[in-house]
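What the coordinates show
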Amino acid sequence: MRGVLGVFRELDSAVDAIAELRRSKAGSITVYSPTPRHELEHALAHGPSVVRRFTLVGGLLGVTFGYWIAIWVSEYWPMVVGGKPIPSWVPYTIIGFEMMVLVGALSTVFGMFAVARVPRLMMTVGYDPRFSDGDYGIWVECPPDREAKVTQVLQANGAVEVRRER
Amino acid sequence: MATVARPAEEMPRPNIPSANIQLPAVRSYQQVNDEIIATLTPTVAWFIGLGIAITALLIGIGTWIYQIYMGLGVAGYNPPVMWGVYIITFVFWVGIGHAGTLISAILYPFRAGFRTTIYRCAEAMTVFAVMTAGLFPILHLGRPWKFFWLIPYPHWRFIWPNFKSPLVWDVFAILTYLTVSTTFLYVGLVPDIAALRDREANPIRKRIYSVLSLGWRNSDREWRHFTRAYLFLAAFSTPLVLSVHSVVSFDFAMALVPGWHATIFPPYFVAGAIFSGIGMVFTIIIPLRRWFGLRHYVTINHLDAAAKLCLFTSLVVGLAYITEFWVAWYSGNKVEQEYFMNRVFGQWWWAAWIMLTCNMILPLTLFSQRLRRNTTWLFILSLFINLGMWFERFVIVVPSLSHEFEPWQWTTYAPTWVDWSILMGSFGWFSMWFLLFIKQFPVIAIAEVKEIVPPRLRTHAATTDINVSGQHVDYAPETPGEHE
C-alpha cells in the first residue's frame, strides 16, 4: 500500500481538497478527523452504513431465542402457575424483549467493528497522531505515477504538510 | 413617570433552550484535548478519596463474610419482613443507574445539547451503579454461591428456572442492562482512548491504550459506522431503561401484598429511578466540575437544564404518591386503606415523611430559576434526593410486609449493624470504581465535545459558532452562565 498523506488545519480546506481529488479520480481516499463532521461526510458522499442490517438480524435472532428458550423450558418442565397455559406468551414477552435488546445491541457492535475494520492490529501507513487532536488528514492511496498530481492538489488546497508513505 | 433601571445581574435571565447550550470558553479542538486529558493526573485528594472508598468496601466485605458464617439472621430480618435493606438498596442502585442511561442514551436521539458534557459521567455512574445493584440479590441469598441457578443453562439435574417468575425476569433484565450499558460506555470511549493513546508518552500506558482503543484511527469509514451504531445502541437503550425498572417493579406488583399490587408501579418506578439518578448526577458532577476546573464545560446552563428535568421527574413521582393514596381510597379495600394510613400516620410516619419531604416538597424549589442556577443549593438538594429515594424504597418494602392482611402478623423491622455496614460497603464499591474510572479515562467525552466546538475554518472568522444543525452562525451576545 502506498500513497500520499496531507495534513490540514482547517475543515473547509480539507473539504475542498476532497472535492477536487474526487473530481480528478486520483485514487482511493481516506479522511481522518478528530470528530465526525457532516461536511466531510457530504464531500465523500458515501452511502448509508450497513450496520443497520446487523442490528435487524441480531434483534430478530434475540427475540426468537428469548421466546424459544422460555417455551421450550416450560414444555420440558411443565408446571401450572395460576391456572395459566404452560407456555404463556405474555410473561415470555419480557424474556423475548430483553434478549432482543441484548443480542441486537451486541450484533450492532459486532457489525460496526466488522464493517469499520476494527480492531486494527497495526497502524500501518497513512496515519498521524495529530488526527485525534485537532487536525484533519487525507490519505490518497495511488500508484507512483499519480503521486505528484495528488501532492499538488493537497498543497493547492492548503495542506500544512504533505508526505509520501508506503 | 420616572423608572429606575435594574442592575443587569438582577434582570431575569433568558431561558436557554436545552438543545442550544454552547461552550464559548472552549475555542479549539486542541484545548479540549489539553484540558480534559489534564484531569487524568492523580492528586493527593484523589488518593485520599480512593482510600476511604476501599476502606468502606473492606468493611462491607468483612461484614458479608460474617453474615455467611453466621447466617442471614444477623441481618435484621423479622418474619414476615423477609425483604429488608438489601432489597431496598438493590432497587436504589438500579434506580441510580437509570438517569445515566436517560442522559446518555435517551437524550442522544433527541439531540438535547446539555447532555454532551455530562453524559460520560452519567454513563459511568450507570455501569457502576448496576454493578453494585447486582450484588444485592446475591447478598440476600442464604446460599449466595448458588446464584447462578437462576440462569438457564443445561446441566445434569435437568432443572430449569421458572420463566413465569418476576425474579427470573429480573435476572434477564439486569444482566441485559449491565451488558448493554457497559457496551455503550466502552463504544463511546474508543475514540477518546485513541486520543489518549496518541498523546501518551509512557510506553506501558501507551500500549494499554493502544489495545483498548482497538487501533482506532478516526477515519471516515470508522466514524460513519460508529455514529450509526451509536445511534442504534441509544435506540436500544431507550426502551431498555423503561423495561428494566418496570421489571424491578414487577417484583412487588406481582405479589398480592397491600401497597404492592398496583398497576401504577411500572411508570412510578421508572420516574422515581430517573429522578434519583439525576440527584446522584448532581452529587457527582457538581464537585467534579469544580475539582477538575471544568466549569466552562459543565456550565450553569447545563445544570439549569438538568435541574428542569429533575423538577419534572419530581412532579411525576409526586403525582404517583398521590395516585397511590387515591387508588387505595377509591378501591374501597379496607386492608389497602388501613395500610396507607399506617404508612403515613402510623407506625412508619417518619420514613414516609422523609420520603415526601425530600422527593416531593424540596424539589419544588427548582421552580425558582435563581435556585436552579445555584450550585450549592443543587448539591444540597441532591443529597436530600438521594436520602429521600432510599427511603422511598424503604417505605415500599418494609411497611407492606410488616402490615399485611392478618393483624396477628403485624410486626416491626429494624436494620442491624450488618445491614448498615453492607450498605456502606456498597457506597465504597461504587465510589472505588468511579474514582478509578475518572483517573484512567476522560470524564467528559472528548470527541463529542468537539462536535459542538466550532472547527477551524479558512472562510469564517474566529468569532463564529455552529448551531445544533451544524450551521455556522454568529455568537449571540454573551449568554449568562456559559463561562461559569
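1. Things to note about the overall build of chain A
- For chain A, the helix and strand inventory stands at five helices and four strands.
- For chain A, the succession of helices and strands along the chain, N to C, is β-α-β-α-α-α-β-α-β.
- The C-alpha radius of gyration of chain A comes to 25 Å, more than 25% above the 15 Å expected for a compact globule of 166 residues.
- Each of the three principal axes of chain A carries a C-alpha extent, and together these read 80 × 30 × 25 Å.
- Considering chain A as a whole, with its 166 residues, one finds that 44% of them fall into the buried category.

2. Notes on helix 1 (residues 11–24) of chain A
Residue and element names in this part refer to chain A.
- Over its 14 residues, helix 1 runs 20 Å from end to end, which matches the ideal 20 Å to within 8%, given 1.5 Å per residue.
- Listed as buried for helix 1 are Leu 11, Ser 13, Ala 14, Val 15, Ala 17, Ile 18 and Leu 21.
- Those residues of helix 1 that are buried lie in contact with strand 1 (3–8), strand 2 (28–32), helix 2 (38–44), strand 3 (136–141) and helix 5 (147–156).
- Count one or two residues on from helix 1 and you reach Lys 25, which has phi positive near 50°.

3. Thoughts on the sheet that holds strand 3 of chain A
Residues and elements named next belong to chain A.
- Taken together, the four strands give an open sheet; going across it, the order is 2-3-1-4, and neighbouring strands pair in antiparallel fashion. The strands lining the two open edges of the sheet, one partner per strand, are strand 2 and strand 4 (161–165). Strand-to-strand twist in this sheet, taken as the mean axis angle between neighbours without regard to direction, amounts to 20°.
- Sheet topology places strand 2 next to strand 3; five bridges connect them, and they run antiparallel. Looking across to strand 3, one finds that Tyr 32 is bridged to Gly 137.
- Sheet contacts for helix 1: strand 1, strand 2 and strand 3; angle to strand 3, the most-contacted strand, approximately 15°.

4. Some details on the interface of chain B and chain A
- In this complex, chain B contributes 51 residues to the contact, which on the side of chain A involves 60 residues.
- Listing elements by their share of the side of chain B that touches chain A, those giving two or more residues are helix 1 (29–38), helix 5 (166–199), helix 7 (220–253) and helix 15 (446–451) of chain B.
- Looking at which element gives the most residues to the side of chain B that touches chain A, the answer is helix 7 of chain B, with 16 residues.

5. Let's talk about the pairing of strand 1 of chain A
Residue and element names in this part refer to chain A.
- The buried fraction of strand 1 is high, at five of six residues.
- Of the strand pairs in this sheet, strand 1 and strand 3 are connected by six bridges, and their pairing is antiparallel. Residue Gly 3 lies in a different strand from strand 3, and its bridge partner there is Glu 141.
- Relative to strand 4, strand 1 runs antiparallel, the two being bridged by five bridges. What sits directly across from Gly 3, in strand 4, is Glu 165.

6. A few points about the packing of helix 7 of chain B against helix 8 (residues 265–291) of chain B
Residues and elements named next belong to chain B.
- In contact at an axis separation of 8 Å, helix 7 and helix 8 are set at 125° when each is read in the N-to-C sense. Taken together, the axes of helix 7 and helix 8 are oblique relative to one another. In the crossing of helix 7 with helix 8, the sense of the turn from one axis to the other is right-handed. Two secondary-structure elements touch here, helix 7 through Leu 242, His 245, Ser 246, Val 248, Ser 249, Phe 252 and Ala 253 and helix 8 through Phe 265, Pro 266, Phe 269, Val 270 and Ala 273.
- Looking at the contact of helix 7 with helix 8, its residues break down into nine nonpolar, three polar and no charged.

7. Observations regarding the domain arrangement of chain A
- Looking at chain A, the domain boundaries give domain 1 (3–46 + 123–165) and domain 2 (51–116).
- Taking only C-alpha atoms, the centre of domain 1 of chain A and the centre of domain 2 of chain A are 45 Å apart.

8. Quick word on the nonpolar core
- Of all hydrophobic cores here, the largest spans 158 residues; its most connected members are Val 94, Ile 118, Met 125, Val 244, Ile 278, Val 281 and Ala 306 of chain B.
- In terms of residues, this core owes the most to one element, helix 5 of chain B, which gives 16 residues.
- Discounting residues that sit within four places of it in the chain, Ile 118 of chain B has contacts with Ile 103, Val 281, Ile 285, Val 298, His 302 and Ala 306 of chain B.
- Ala 17, Val 31, Val 140 and Cys 142 of chain A belong to the second largest nonpolar core, which has 25 residues in total.

9. Looking at the confidence of the model for chain B
Residues and elements named next belong to chain B.
- With 90% of its residues at a pLDDT of 70 or more, chain B shows a mean pLDDT of 88.
- Low pLDDT, under 50, characterises residues 466–472; the stretch is placed with 12 contacts to residues that sit more than four places away or in other chains.
- A low-confidence stretch, residues 474–478 stays under pLDDT 50, and its non-local contacts, those more than four residues away or across chains, total four contacts.
- Scored by ipTM, the complex comes to 0.93, with pTM at 0.89.

Definitions and cut-offs
Residues numbered from 1 in each chain as written. Chains lettered and ligands numbered in written order. Predicted model: local features only at pLDDT ≥ 70, side-chain atom pairs only at ≥ 80, totals over all residues. Helix = DSSP H or I, 4+ residues; strand = E, 2+ residues; numbered from the N terminus. Rg over C-alpha atoms; globule rule 2.2 N^0.38 Å. Buried ≥ 20, exposed ≤ 12 C-beta atoms within 10 Å, placed from the backbone. Expected span 1.5 Å × (residues − 1). Contact = placed C-beta atoms within 7 Å. Pairing = 2+ DSSP bridges. Axes fitted to C-alpha atoms, helices over the stretch in contact; angles between N-to-C directions. Parallel < 35°, antiparallel > 145°, perpendicular 65-115°, else oblique. Left-handed = near helix turned anticlockwise from the far one by under 90°. Nonpolar A, V, L, I, M, F, W, Y, C, P; charged D, E, K, R; others polar. Domains from an automatic or database assignment. Core = buried A, V, L, I, M, F, W, Y, C linked by C-beta atoms within 7 Å. pLDDT = per-residue confidence, 0-100.

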